[in-house]
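Structural features, examined
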Amino acid sequence: MLIRKSNFAEHYPWVLASSVVLALAVFWFIFASIGHAEWPSGSSFPGFTFGVIGGLICLFEFLIWPRKKLRSWRIGKVSTWMRAHIWLGLLAVPLLVLHTGFRWGGPLSTTLMTLFLVVIASGVWGLILQQFLPEKMLKEVPAETIFSQIDYVSELMAAEASRLVRSVCNIISDSDESEKFSDDSHMVVGAVRNTGAIQGRVVVTSSLQESVPDSKPLYDFFNEHIYGFLKNGQMANSPLQNPARANSMFNSLRTKLPPRAHEVVAVLEDLCNQRRQIITQAKIQFWLHSWLWVHLPLSVALIVLMFVHIFVAMKYW
Amino acid sequence: MAFQESGKQRATRIQLDYYKKSTYLDRTKSTLVLICLLAAVGWMALVYAQGEKGQAAFSRGQVTKFHAAWNNNCTVCHSDFEPISKNSFTMKWLGHEAGKKLSGDARCESCHVAPVHHSNQKLESTPSCGGCHREHRGLDASIVRLSDADCISCHTNMQGHLTAGATPKYAPKITSFATASQGHPDFRLLAEKMTDPGTVKFNHKLHLTPGVSRDPKGKPWTYSDIPELERERFGFQKGMDLKTAIALDCKACHNLESADAKPSPEAFANMPKSVHAERSKGGVYQPIVYDVHCKACHPLSFDDSNKNESVPHRYQPEELRSYLEGFYSKQLVLETKEFSKPREVLPVPVPGKNPLAPMVESVKKQVDAKVSVAMNNLFLGKKTCGECHYEKGDTKSTNPGFTQIPKLIQTGLDTDTKAFQWFKDSRVGDPAKVVWPSIPSLWMPHAKFDHSAHRFMDCASCHGAANNSITKNDILLPGIDNCRSCHAPAKFVAGVAQAGVNHDCVECHNYHHGDQPYQGVGAAAWDPKILRTIEQMQKPIP
């Protein structure tokens, strides 16, 4: 969720409410500690209150998971839930620290507090990443596709390129897997196009070209470098991953081919450019989502242990 | 004919069911969720399976080292769903009657029985054991170092916490020790202008004057005037002239431990252990003992012809007389030649008559005469018993010497006389005769003060009044503001840091008893009713 000057008005009520609650909590905590040698513990009235509020917040924070899964449920907008998730989650940190009275306690309470702090830290890390990575992707990956379709799209690109090259080089092979995406008269390729300031990926349909004599270097280059890169991306460990190196290699290829084949080379170069963007997209997607590997699983453990903590605290008050 | 793909189909670059396909990001996340869930549930299952041993996982921290044996056993102290403090706000929530005695207290009291703080305090104002003695704060934490809030919860409104009809015996409202305006009164001895209850005439000013002489132009008391063995402890150093006037300081008489006191071996050997223990805790000064602190300058001489002899201390008149009779009898028998002659050279005894009878009668008369002189010296003079002690009926005079005892002595010592009966009834410590000193060993029965913690300080900084005290009636205790010079919140005066030393209630007070919880009133209450074996102690109390 983006937090910008432009949309801060939407966050402001949450920030204000959290700040007021925090100020009141700190005042109460300090007032209750007057005359005591130590800070009020979790079993004191203020400590207990902060624990209850903090625990309820933790529970609410956790509920955003099913809320996201059950999008059809009309229980508030997800964006509102997310704002509450962020600001109440941050408010829970001081509240639960006050609940502890600045003590780690025993194994269970230490584990709980450690889990809580790691969950919060991972959430904050995720929030920070969300402030600039989507924008970075918008700028650097105009060929963005759906993350789960990257493998499929890559395979499609490799097949399209293969058909194009075989058509130009007059190579016929029934067993080629590219056939599964093909017909005889047309081919469809994805291409990046600009319209004013808007840049994006479009689908281009074109007729298959006639074969070009002396295009054997194209076929060899495609097999050696392009096909593996388009299909497997980073895993192919191809020099085409580097834009400058790719440019140099394609220029060199053009010198070996008749001018009629240069149009095909341009299409292949464009496909390689798209593939590089998809590699970048995969990296950005990893950073955008991998913090959840920490945030969510530890939240689950936190909620389980929190209920145990509540039961034990009541039993041995 | 080849398959002709429609424009829509050609445009379908994305699988229609793409949203059903998961990525490695989703799969990893789900796997980790499952692992963490199993880890959390598994840990708790393991803790449950471990039984007593596993309970340590739920502890909110280690208990103090004195209770460390039960670190893993919650039920030794805790009852299920019962607060450890009866003043807890959760009492009602957990189904308990507010203010009632908790079953957890019985668990504490099975080892630690303690007297009540005050007999007239309300039951509901009396906290449970765990209400004040908070555990789980680490091995080295003190569970008796309570915060002021625990005390002022009642002391800020004493009347409200007393039983019906009772009135506050102490200050009705105290909120802190830090300043006089917060209600802590001065020491009672000073606030009520009490006098020293001790009955030893002692002039501090005289003894702190070099030479210890009442007359500034008189002969000073020098090291040559006291026995050689005693000189060192009164300030004599090697190479010093024996004619140097003795200059006593506080430590000459006030010693924290016998190791410091350095009494002469013979004095120490004759001293009852109960009077002067070899070692003490060091917190309070050891009692002033004649044999150690006074005898060097104040020997109990009784006879000019026996200058090196002195009577024992702590004897009442009749006992002294017996002692003197024995002393003189032995001396005269040894000096009378007839008693040492062989039996053969004695005159042939006439039946029914003792040949030594005349000599015995002679010795008896001599003994009586010498004893009378010695008793007169001891009781009529102003430099022996009456120098320091009072007799019955006179405990205020600062003048040396007795008044009543000499009169009785002068009436004669015949067995039929009143004086004889007076002596005969004398017993050690009987205040009817020579009054027992009664110097308090504790001046503040409701507070503790550790002199050993202050031994680096100049005595005069707190007890400066001793330099000018000429009567035993003076209480040389400093006022409580003197304590606040250090024991108060830290502050800066003219840029110099001052005070800041502990000034909380428990720095000076114990809740369950005074300075010495295991001595005096209430001490017996500390003894548990049931004694247990080591094995029984380590098991939870049913």
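Residues numbered from 1 in each chain as written. Chains lettered and ligands numbered in written order. Predicted model: local features only at pLDDT ≥ 70, side-chain atom pairs only at ≥ 80, totals over all residues.

As for the overall build of chain B
Under the convention used in this document: Strands are runs of DSSP state E lasting at least two residues, helices are runs of H or I lasting at least four, and both sets are numbered from the N terminus onward. Any residue with 12 or fewer other C-beta atoms within 10 Å of its own C-beta is exposed, any with 20 or more is buried, and the rest are partly exposed; the C-beta atoms used are placed from the backbone. Each residue is represented by a C-beta atom placed from its backbone, and any two residues with such atoms within 7 Å are regarded as in contact.
Helix and strand counts for chain B stand at 20 helices and 2 strands. Split into buried and exposed, the 542 residues of chain B put 18% on the buried side. Within chain B, counting contacts between residues at least 6 apart in sequence, those at least 24 apart form 58% of the total.

A word on the overall build of chain A
Secondary structure assignment for chain A yields 9 helices and 2 strands. The order of helices and strands in chain A, counted from the N terminus, is α-α-α-α-α-β-β-α-α-α-α. By the burial criterion, 32% of the 317 residues in chain A qualify as buried.

As for helix 1 (residues 8-33) of chain A
All names here are of chain A. Let me state the cut-off plainly: Given the number of residues in a helix, its expected span is that number minus one, multiplied by 1.5 Å.
Relative to the 38 Å expected for 26 residues at 1.5 Å per residue, helix 1 spans 36 Å between its end C-alpha atoms, a close match to the ideal helical length. Three or more residues of helix 1 are buried, namely Ser18, Ala25 and Phe29. Buried residues belonging to helix 1 abut helix 2 (45-69) and helix 3 (78-100). Phi turns positive one or two residues past the end of helix 1, at Gly35, with a value near 90 degrees.

Quick look at the interface of chain B and chain A
Basically, it comes down to this: Here the term charged refers only to Asp, Glu, Lys and Arg, the term nonpolar to Ala, Val, Leu, Ile, Met, Phe, Trp, Tyr, Cys and Pro, and the term polar to all other amino acids, Gly among them.
Contacts between the two partners involve 45 residues from chain B and, on the opposite side, 43 residues from chain A. Of all the secondary structure elements, the ones that give two or more residues to the side of chain B that touches chain A are helix 1 (7-11), helix 2 (24-50) and helix 5 (148-155) of chain B. The residue inventory of the side of chain B that touches chain A, partitioned by class, reads 26 nonpolar, 11 polar and 8 charged.

Things to note about unusual backbone geometry
All names here are of chain B. A positive phi angle is found at His136, which is not glycine, with a value near 60 degrees. Structurally, His136 can be placed in the loop between helix 4 (129-132) and helix 5. When the 21 C-beta atoms within 10 Å are taken as the criterion, His136 is described as buried. Of note, Lys193 is a non-glycine position whose phi angle comes to about 50 degrees, a positive value. When you line up the elements, Lys193 lands in the loop between helix 6 (188-191) and helix 7 (204-207). On the basis of neighbour count, Lys193 is assigned to the exposed category, with 7 C-beta atoms found within 10 Å.

A look at the packing of helix 1 of chain A against helix 3 of chain A
Residue and element names in this part refer to chain A. For the record, the criterion: Lines fitted to C-alpha atoms define the axes here, with helix axes fitted over just the stretch in contact, and angles between the N-to-C directions of these axes take values from 0 to 180 degrees. Put simply, angles under 35 degrees are roughly parallel, angles over 145 are roughly antiparallel, angles from 65 to 115 are roughly perpendicular, and the rest are oblique.
Relative to each other, helix 1 and helix 3 sit at 10 degrees, their axes nearing to 9 Å. Classed by the angle they form, the pair helix 1 and helix 3 counts as roughly parallel. Of the residues in helix 3, those touching helix 1 at Glu10, His11, Trp14, Val15, Ser18, Val21, Leu22, Ala25 and Phe29 are Arg83, Ala84, Trp87, Leu88, Leu90, Leu91, Pro94, Leu95 and Leu98. Within the contact of helix 1 with helix 3, the residues separate by chemical class into 14 nonpolar, 2 polar and 2 charged.

Examining the confidence of the model for chain B
Residues and elements named next belong to chain B. Definition in use: Scored from 0 to 100, pLDDT records how confident the predictor is in each individual residue.
Predicted confidence across chain B gives a mean pLDDT of 80, with 81% of residues reaching 70 or more. For residues 411-432, every residue scores under 50 in pLDDT, and the model assigns this stretch 31 contacts once sequence neighbours within four places are set aside. Here the predicted complex scores 0.70 on pTM and 0.86 on ipTM.

Topic: the confidence of the model for chain A
The predicted model of chain A averages 86 in pLDDT, with 88% of residues at 70 or higher. Element-level pLDDT for chain A is lowest in strand 1 (residues 186-195) of chain A, with a mean of 60, against a maximum mean of 94 in helix 9 (residues 292-315) of chain A.

Things to note about helix 5 (residues 150-169) of chain A
Residue and element names in this part refer to chain A. For helix 5, which comprises 20 residues, the first-to-last C-alpha distance of 28 Å matches the rise-based estimate of 28 Å (1.5 Å per residue) to within 8%. Of all 20 residues in helix 5, 16 are buried; the element is thus mostly enclosed. Positive phi shows up at Asn170, right after helix 5, with a value of about 60 degrees.

Looking at the packing of helix 5 of chain A against helix 8 (residues 262-289) of chain A
The angle between the axes and the distance between the axes are what describe a pair of packed helices. Residue and element names in this part refer to chain A. Where we set the bar: Each crossing gets its hand from how the near helix is turned against the far one by less than a right angle, where anticlockwise is left-handed and clockwise is right-handed.
Close contact between helix 5 and helix 8 brings their axes to 11 Å; oriented N to C, the two are set at 170 degrees. If you check the angle between helix 5 and helix 8, you find them roughly antiparallel. Of the two elements, helix 5 crosses helix 8, and the hand of that crossing is left-handed. Counted together, Ile150, Val153, Ser154, Met157, Ala161, Leu164 and Val168 of helix 5 and Val264, Val267, Leu268, Leu271, Gln274, Arg275, Ile278 and Ala282 of helix 8 form the full contact between these two elements. In the contact of helix 5 with helix 8, the residues fall into 12 nonpolar, 2 polar and 1 charged.

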